[in-house]
2 protein chains.
Amino acid sequence: MNDGVDSWIANEFSGVCPVRDLLDRIGDKWSVMVVLRLGRGTERFRALLRAVDGISQRMLTVTLRALEADGLVHREVFDTRPPSVAYSLTPLGVSLLVHISALANWAMEHESEVKEAQAAFSAKTAKAAGEH
Amino acid sequence: MNDGVDSWIANEFSGVCPVRDLLDRIGDKWSVMVVLRLGRGTERFRALLRAVDGISQRMLTVTLRALEADGLVHREVFDTRPPSVAYSLTPLGVSLLVHISALANWAMEHESEVKEAQAAFSAKTAKAAGEH
DNA sequence: CGGGATCCAGCCTGATACTG
DNA sequence: CAGTATCAGGCTGGATCCCG
């Protein structure tokens with residue numbers, strides 16, 4: 001399953017790495033949250049703003065533009081009054097959503113394990129500091 | 001498949017979201033690259049530094065500490081001379097690697113589609129700007 | 001409603017130098 | 001070899017104001 005992984009990390013033949021690119025794109029603070037939300041279905045700007053907890057208007061706009069530029073999100077403008085814009089995932093976006101959802105599920109399933117590890121680690125370092 | 005996703009985005013009952021936590025943890029510039037590299041097997045600090053293209057010594061240390069604190073990476077010190085430290089994925093880290101690898105594969109498979117979308121988008125916006 | 005533009009603070013990061 | 005410490009700068013992202 002890991003065949004081909006080797007070349008992702010350091011590629012002597014090219015300065016670019018597709019994984020790096022992906023991370024630079026959706027590794028920001030909000031992209032994944034927006035994609036996950038749009039995975040539920042088409043949604044308007046204002047609805048997204050309310051749905052994605054903590055995001056600012058500016059960052060939602062910026063994030064949506066980036067996702068649109070990457071072909072992950074489709075933007076449709078309705079010439080109504082007041083103006084209305086609907087966002088939805090493209091097929092490409094849906095294909096990515098599958099993997100993001102898997103990652104999200106992992107996060108939920110292993111939440112407690114990570115917290116235990118963190119507790120154990122901080123206890124260990126605190127002890128080491130005490131002995132200094 | 002998406003059952004339960006709803007609560008990830010906005011949770012009125014708690015300020016924390018496991019997905020947000022995961023992203024804050026491994027959504028940084030280097031964590032994913034290091035995990036992917038360690039997916040190949042145990043590796044020493046200096047070897048990792050050479051393998052992960054572009055990372056600085058400082059950031060490798062910081063990244064490894066964080067991954068260790070989260071229980072994703074195991075650190076083993078050998079009391080030799082000169083000192084030697086080996087890093088490897090924990091079972092938890094391996095379970096995450098599976099999904100990260102899937103994401104990395106997605107990135108490679110859809111690289112061209114994303115680039116086409118970007119080209120189309122920039123052409124579209126350039127045209128719109130021209131008409132201003 | 002759905003944005004665009006601007007300003008600005010904070011954090012992340014890289015470079016560099018030093019230690020055991 | 002495997003770190004730690006310090007510092008400076010760039011970029012991310014939040015707040016705010018304005019427009020169609």
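A short tour of the structure in this document, coming up. The structure displayed is predicted, hence computed values, not measured ones.

Attention now goes to the relation of the copies chain A and chain B. The operation relating the two chain copies consists of a rotation about an axis and a shift along that axis. Laying chain A over chain B is done by rotating through 180° and shifting 0.0 Å along the axis; what remains is an RMSD of 0.1 Å. The operation mapping one copy onto its partner corresponds to a two-fold rotation axis. In terms of proximity to the rotation axis, the leading residue of chain A is A:G27, whose C-alpha is 2.6 Å off the axis. When the interface residues of chain A are mapped onto chain B, 100% of them again fall at the interface, so both copies present the same face.

Within the structure, DNA strand D sits among 20 residues, and A:R58, B:R46, B:Q57, B:R75 and B:Y87 are positioned closest to it. Within 4 Å of the protein, the contacting atoms of DNA strand D are drawn from sugar and phosphate to the extent of 64%. Within the backbone of A:K29, one N or O atom sits 3.0 Å away from a phosphate oxygen of DNA strand D. Per-element accounting of the surface near DNA strand D gives the leading share, 4 residues, to helix α5 (residues 57–69) of chain B.

Okay, the sheet that holds strand β2 (residues 73–78) of chain A next. Residues and elements named next belong to chain A. Overall, antiparallel pairing links the 3 strands, which are arranged β1-β3-β2 in an open sheet. Each of the sheet's edge strands pairs with one partner strand only, and the pair in question is β1 (43–44) and β2. Across the sheet, helix α3 (residues 31–38) lies against β1, β2 and β3 (84–89), angled at about 95° from β3, the strand it touches most.

At the junction of the two partners, chain A supplies 53 residues and chain B supplies 53 residues. Together chain A and chain B conceal approximately 5100 Å² of surface at their shared face, both sides included; 70% is due to carbon and sulfur atoms. The interface formed by chain A and chain B includes 2 salt bridges. One salt bridge connects A:K124 with B:E68, and the closest N-O pair in it is separated by 3.8 Å. Across the chain A-chain B interface, the total number found is 8 residue pairs in polar contact (both at pLDDT 80 or more). Of all elements in the fold, only α1 (6–9), α2 (18–26), α3, α5 (57–69), α6 (91–109) and α7 (111–131) of chain A reach the threshold of two or more residues within the side of chain A that touches chain B. In terms of residue count, the dominant contributor to the side of chain A that touches chain B is α6(A) (14 residues).

Turning to unusual backbone geometry, a few remarks are in order. The step from A:R81 to A:P82 runs through a cis peptide bond, and the omega angle for that step is 5°. Along the chain, A:P82 falls in the loop between β2 and β3.

Attention now goes to the pattern of salt bridges. Residues and elements named next belong to chain A. Evaluation of the coordinates by the stated rule reveals 10 salt bridges over all chains. The shortest N-O distance in the salt bridge between D24 and R20 comes to 3.6 Å. Separated by 4 residues within a single helix, D24 and R20 lie in helix α2, roughly one turn from each other. According to the relative accessible area criterion, D24 is exposed, its value standing at 52%.

What surrounds DNA strand C is a group of 19 residues, the closest being A:Q57, A:R75, A:Y87, B:R58 and B:M59. A:R44 is positioned such that a nitrogen or oxygen atom in its side chain is 3.1 Å from a phosphate oxygen of DNA strand C. Listed by contribution, the elements that provide at least two residues to the surface near DNA strand C are α4 (45–51), α5 and β3 of chain A together with α5 of chain B. At 4 residues, α5(A) tops the list of elements feeding residues into the surface near DNA strand C. Looking at the surface near DNA strand C, its residues break down into 8 nonpolar, 3 polar and 8 charged.

Tracing the backbone through its elements, the reader meets B:V114 in helix α7 (residues 111–131). Overall, the relative accessible area of 4% leaves B:V114 in the buried class. The residues touching B:V114, leaving out its near neighbours within four places in the chain, are A:R25, A:D70, A:L92 and B:W106.

Rules behind the numbers
Residues numbered from 1 in each chain as written. Chains lettered and ligands numbered in written order. Predicted model: local features only at pLDDT ≥ 70, side-chain atom pairs only at ≥ 80, totals over all residues. Heavy atoms only, no water. Least-squares fit on C-alpha atoms with pLDDT ≥ 70 in both. Contact = heavy atoms within 4.5 Å. Near = heavy atom within 4 Å. Polar contact = N/O pair within 3.5 Å; in protein donor to acceptor, adjacent residues only side chain to side chain. Helix = DSSP H or I, 4+ residues; strand = E, 2+ residues; numbered from the N terminus. Pairing = 2+ DSSP bridges. Axes fitted to C-alpha atoms, helices over the stretch in contact; angles between N-to-C directions. Buried area = accessible area lost by both parts, 1.4 Å probe. Salt bridge = Lys/Arg side-chain N within 4 Å of Asp/Glu carboxyl O. Buried < 20%, exposed > 50% of the residue type's maximum accessible area, 1.4 Å probe, protein only. Nonpolar A, V, L, I, M, F, W, Y, C, P; charged D, E, K, R; others polar.

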